[in-house]
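A structural walkthrough
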Amino acid sequence: MSSHRAHYQNTVAGFLGLSADEICGVLARNSAFPVERAQLDAWREQVCLLHSILKILDAQGHVFFEFVLPRIGRRVDVVLVIKNLVFVLEFKVGEREFHRSAFDQVWDYALDLKNFHEPSHQAPVVPVLIATRANAPQSPYRPPDKDGVYAPIGVGAHQLAPLLEMYLTSTDSALIDGAVWGAGRYSPTPTIIEAARALYSGHAVVEISRSDAGASNLTRTSNYVSEVIADAQRHGRKAICLLTGVPGAGKTLVGLDIATQHMDASSALHSVFLSGNGPLVAILREALAQDQVQRERLAGRRLTKTAARRQVEAFIQNVHHFRDDCLANSGAPPEHVAIFDEAQRAWNRDQTIAFMARKKGRSDFDASEPEYLLSCMDRHNDWAVVLCLVGGGQEINTGEAGISEWINALRNRYPHWAVHVSPRLQESEYASGAALDSLKGHAEVHLDEALHLNVSLRSFRAERLSDWVKFVLDQEVEQARETLRELLPRYPIVITRKLATAKAWIKAKARGSERFGLVVSSQAQRLRPHAIDVRVPVDPVHWFLASKEDVRSSYYLEDAATEFHVQGLELDWACVVWDADFRKSGQAWDHWSFVGHRWQRIRQPDRQTYLKNAYRVLLTRARQGMVLVVPCGSQEDPTRDPSFYDATYHYLSSLGVPTLD
């Protein structure tokens, strides 16, 4: 981490040797926004308070003001690295009360440092909320959680010195070199919402991604695609990149990175990010609009939410709206680069033809969705690039064709397009089959491992989570047991038969504003006795973005999201409730759909695949841990016979998943 991560940093001795005006001047010069009088007054009060306290403590250490955390787009007011502790201080100047949201805020800062700032991995981190006019009761010393992060403490200005001294004398750990701590590497793993906010506000992908092998792969992939785009523009040609990756590896992050580099509509490299995932589009748009309004307010400018939404809507579009615009206008689209997220979910020929005839009155339409989308980009007379982001085992709805329809379209209609493809498309989970072999006769095909992301970045605690889920669903028992043993020390997975027990567990695990929620299969029709009704529509924007005070948010554990709401998105902690639609029976999984008053067996192979993939999506949403709930059923209800659930519960337990019962 470079020294400019903090707007001001110094040794304690150096800090005490400067006046408040000198320090505030440095902070003002390093601010990215105009500094109002209220901000200067707040800084001055913080500096004066810390001057008086640090003189009394007579402690060696370092002081950091306005310490930047790009992943969450915020700055910590002050970090004190003294002796063997890292104090994270959030000041509420002039406040007399402590608000829950403020406690969560400073807790989030501490957790962000613990999880993503390498020197903080082993250091005790103490979050402190200072309401400068408050008079809080004396707080007793409380030990930290297992990872060394303390629960946040609220104090008034005059109580800060005794609190620092109490924790310094109560903690026995290795001394921390403040200079080394300040120069340490910050290697975050953002959620897709956090990543979109950071990229849209001007951060580079390298600032918001880890620095290990997984992130190196991410940077290499982004650079490869950028070079394909530059080459296509230079030589007036057309190219497509088929990018694969395990769940959570950062495919969408690469797409957003490419799109945010070229948001200017007047640029020759103007790009658009397209997704058929309606909830993802709605959530990202709202999150970016909210963030843009807030950033403009901090800069002293006014921007309405409506205006912010208009800007965002040009950058992130629903692929079906893009398609409809191309139907209405025979000219080339304004964008030369189109990024198709979850390209494996594009419709096959039959589904597209039926939709066009039924909804658009186009009885003459005769193309799959990939074929038509490629035709839109092929309208450019000079050059165009398509980036397809392809997930394995992610097709979850009728008519979703996998990647084979894109390959067939290239072979049959667009032989002049250069094809850059991941060699992993040959693997079975991408369902490309013989279609990939057909590219062998294509004029220009480039196979490159740079187009495969093989490390999951979603769960920074468990890179092999997607492997474990694959083994569970494929009934590879020994591999599942072995992988679980690797996961459990850092990524808790537990199982219970009681929903109330699961809710209590997940609430106890989550800290700060870590998001948690209920997720279920869209076919989970017989969870209604547990107050989970998949037929009741969920607003994914409120579910994912609303605060703990909003009953519509995921935090309330009342509304359950399905695979259609959560695909492409993440929670910190997930409560996965397992119904009898996908049940264990002997050595196989049975697939069922509840119709009318009874379960009906699903026999079509494609619908069986969709149901299996639905559970794959649900089981790979959580970044930090999850609880599985397999209900007991009821002897009095033939639609919830205990036998429908028992085998599933015993199978998961037999893999070594710890039980809460």
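Residue indices begin from 1 for each chain and proceed along its sequence in written order. Given that this is a predicted model, residues contribute local features only at a pLDDT of at least 70 and side-chain atom pairs are listed and counted only at 80 or more, while totals for whole chains, interfaces and linings are drawn from all residues. The side-chain values count all of the structure's non-hydrogen atoms but skip hydrogen atoms and water molecules.

**Focus on the overall build of the protein chain**
Our working definition: Under the scheme used here, helices are H or I runs from DSSP no shorter than 4 residues and strands are E runs no shorter than 2 residues, and both carry numbers assigned from the N terminus. Two things to know: the radius of gyration comes from C-alpha atoms, and the globule rule equals 2.2 Å times the number of residues to the power 0.38. Note on contacts: a residue pair is in contact if any heavy atoms of the two residues lie within 4.5 Å. Exposure was quantified through the Shrake-Rupley algorithm and a 1.4 Å probe, taking into account, for residues, occlusion by the shown protein chains and nothing else. Charge counting follows a simple rule: Lys and Arg are positive, Asp and Glu are negative, and His as well as the terminal groups are ignored. The atoms used to mark charge sites are NZ of Lys, CZ of Arg, CG of Asp and CD of Glu.
Scanning the protein chain for helices and strands turns up 23 helices and 22 strands. Relative to a compact globule of 661 residues, whose C-alpha radius of gyration would be 26 Å, the protein chain shows 27 Å and is just as compact. Partitioning the contacts of the protein chain with sequence separation of at least 6, the portion at a separation of at least 24 is 76%. Carbon and sulfur atoms make up 49% of the accessible area of the protein chain, which amounts to about 26,500 Å² in all. With 74 positive and 78 negative side-chain charges, the protein chain shows a spacing of 3 Å between the two charge centroids.

**A few points about the sheet that holds strand S22 (residues 622–629)**
Sheet strands pair by backbone hydrogen bonding; their relative direction is either parallel or antiparallel. Operational definition: Note: two strands are recorded as paired if DSSP finds a minimum of 2 bridges between them. Orientation is described by axes fitted as lines to C-alpha atoms, over the contacting stretch for helices, and by angles from 0 to 180 degrees between their N-to-C directions.
Taken in spatial order, the five strands line up as S15-S22-S18-S16-S17 in an open sheet, and their pairing is parallel. Where the open sheet ends on each side, the last strands, each with one partner, are strand S15 (493–496) and strand S17 (560–561). In this sheet, S22 lies alongside S15 in parallel orientation, the contact comprising four bridges. Within S22, the residue paired with Ile 495 across the bridge is Leu 628. Sheet strands touched by helix H19 (residues 499–509): S15, strand S16 (516–520), strand S18 (571–577) and S22. Its angle to S18, the strand with the most contacts, is close to 175°.

**Section: the sheet that holds strand S5 (residues 125–131)**
The strand order S1-S2-S3-S4-S5-S6 describes an open sheet built from six strands, whose pairing is mixed. Each edge of the sheet is formed by a strand with only one pairing partner; in this case those strands are strand S1 (6–11) and strand S6 (153–155). Averaged over all neighbouring strand pairs, the angle between strand axes comes to 25°, with direction disregarded. On top of the sheet, helix H5 (residues 160–170) reaches strand S3 (74–82), strand S4 (85–92), S5 and S6; it is set at about 160° to S4, its chief contact.

**Side note on the packing of helix H7 (residues 192–200) against helix H10 (residues 278–298)**
For any two helices packed against each other, the geometry is given by the interaxial angle and the distance between the axes. Here is the rule we go by: Just so you know how the angles are binned, under 35 degrees is roughly parallel, over 145 roughly antiparallel, 65 to 115 roughly perpendicular, and the rest oblique. In this scheme the crossing of two helices becomes right-handed for a clockwise turn of the near helix relative to the far one and left-handed for an anticlockwise turn of less than a right angle. Throughout, the ten residues Ala, Val, Leu, Ile, Met, Phe, Trp, Tyr, Cys and Pro are labelled nonpolar, Asp, Glu, Lys and Arg are labelled charged, and all others, Gly among them, are labelled polar.
Running from N to C, H7 and H10 point in directions that differ by 45°, and their axes come no closer than 10 Å. Taken together, H7 and H10 sit at an angle that is classed as oblique. In terms of crossing hand, the pair formed by H7 and H10 is right-handed. Residues Ile 192, Ile 193, Ala 196, Arg 197 and Tyr 200 of H7 form the contact with H10, whose own contacting residues are Leu 280, Ile 283, Leu 284, Ala 287, Leu 288, Gln 290, Asp 291, Gln 292 and Arg 295. Of the residues that constitute the contact of H7 with H10, the class distribution is nine nonpolar, two polar and three charged.

**Quick word on the pattern of salt bridges**
This is how the line gets drawn: One speaks of a salt bridge when a side-chain nitrogen belonging to Lys or Arg is within 4 Å of a carboxyl oxygen belonging to Asp or Glu. Under the scheme applied here, a residue whose accessible area is under 20% of the maximum for its type counts as buried, over 50% as exposed, and between as partly exposed, the area being computed with a 1.4 Å probe on protein chains only.
Summed over the entire model, instances satisfying the criterion amount to 39 salt bridges. We note a salt bridge from Asp 364 to Arg 362, for which the minimum N-O separation is 3.5 Å. Of the residues examined, Arg 362 reaches a relative accessible area of 29% and is grouped as partly exposed. Asp 646 is paired through a salt bridge with Arg 497; the nearest N and O atoms lie 2.9 Å apart.

**Thoughts on the side chain of Asn 318**
Selection rule: Polar contact is the term for a pair of N or O atoms within 3.5 Å; when the atoms are in protein, one must be able to donate a hydrogen and the other to accept it, and sequence-neighboring residues count only if both atoms are side-chain atoms.
Relative to the helices and strands, Asn 318 is located in strand S9 (residues 316–318). Looking at Asn 318, its side chain comes within polar contact range of the main-chain nitrogen of His 320, at 2.8 Å. Once you skip the residues sitting within four places of it in the chain, Asn 318 turns out to touch Leu 274, Ser 275, Gly 276, Gly 278, Val 281 and Arg 285.

**A word on the packing of aromatic side chains**
Under the convention used in this document: Whether two aromatic rings pair depends on their centres lying within 6.5 Å, for rings of Phe, Tyr and Trp, where Trp uses its six-membered ring; planes under 30 degrees apart make the pair stacked, over 60 edge-to-face, and the rest tilted.
Here the structure, examined in full by the defined rule, presents 25 aromatic pairs. Here the aromatic rings of Phe 340 and Trp 406 are separated by 5.4 Å at their centres, their planes lie at 50°, and the arrangement is tilted. Here Phe 340 is found in strand S10 (residues 337–341), whereas its partner Trp 406 is found in helix H15 (residues 404–413), with 66 residues between them in sequence. On the basis of relative accessibility, which here comes to 1%, the residue Trp 406 falls in the buried class. An angle of 20° between the planes, with centres 6.4 Å apart, marks the rings of Trp 578 and Phe 582 as stacked. Neither Trp 578 nor Phe 582 differs from the other in exposure class; each is buried. Ring pairs connect the aromatic residues Trp 578, Phe 582, Trp 589, Tyr 615 and Tyr 651, which therefore count as one cluster.

**Remarks on the pairing of S18**
Judged by how many residues are buried, S18 sits mostly within the fold: seven of seven residues are covered. Relative to S18, S16 runs parallel, the two being bridged by five bridges. Looking across to S18, one finds that Gly 517 is bridged to Ala 574. Pairing analysis gives six bridges linking S18 to S22, with the strands arranged parallel. The partner of Ala 574 across the bridge, within S22, is Met 626.

**Considering H5**
Residues Leu 160, Ala 161, Leu 163, Leu 164, Met 166, Tyr 167 and Leu 168 constitute the buried set of H5. Where the residues of H5 are buried, they touch helix H3 (37–57), S3, S4, S5 and S6.

**Description of the environment of Phe 273**
Residue position: Phe 273 is located in strand S8 (residues 271–275). For the pair formed by Phe 273 and Ala 504, sequence separation is 231 residues and the distance between their alpha carbons is 39 Å. In this view, Phe 273 contacts Thr 252, Gly 255, Leu 256, Ala 259, Phe 315, Ile 316, Gln 317, Ile 339, Asp 341 and Leu 389; residues no more than four positions away in its chain are not counted.

**So, the environment of Ser 120**
For Ser 120, the position within the fold is in the loop between helix H4 (100–116) and S5. Using a relative accessible area of 0% as the deciding quantity, one classes Ser 120 as buried. The spatial distance from the C-alpha of Ser 120 to the C-alpha of Gly 61 is 15 Å, given a sequence separation of 59 residues. Among residues more than four places away in sequence, those in contact with Ser 120 are Leu 113, Lys 114, Val 125 and Trp 181.

**Some thoughts on unusual backbone geometry**
Only a minority of non-glycine residues have a phi that is not negative, and only a minority of peptide bonds are not trans. A positive phi angle, near 50°, is found at Glu 342, a position not held by glycine. By the element assignment, Glu 342 lies in the loop between S10 and helix H13 (349–359). Of note in the backbone geometry, Leu 557 takes a positive phi value of approximately 55° without being a glycine. Tracing the backbone through its elements, the reader meets Leu 557 in the loop between helix H20 (540–545) and S17. The exposure class assigned to Leu 557 is buried, which follows from its relative accessible area of 1%.

**A word on the packing of helix H2 (residues 20–30) against H3**
One can describe the packing of H2 onto H3 by two numbers: an axis separation of 9 Å at closest approach and a directional angle of 130°. Taken as axis vectors, H2 and H3 run oblique relative to one another. Between H2 and H3 lies a crossing whose hand is right-handed. Of the residues in H3, those in contact with Ala 20, Asp 21, Ile 23, Cys 24, Leu 27 and Ala 28 of H2 are Leu 40, Trp 43, Arg 44, Val 47, Cys 48 and His 51.

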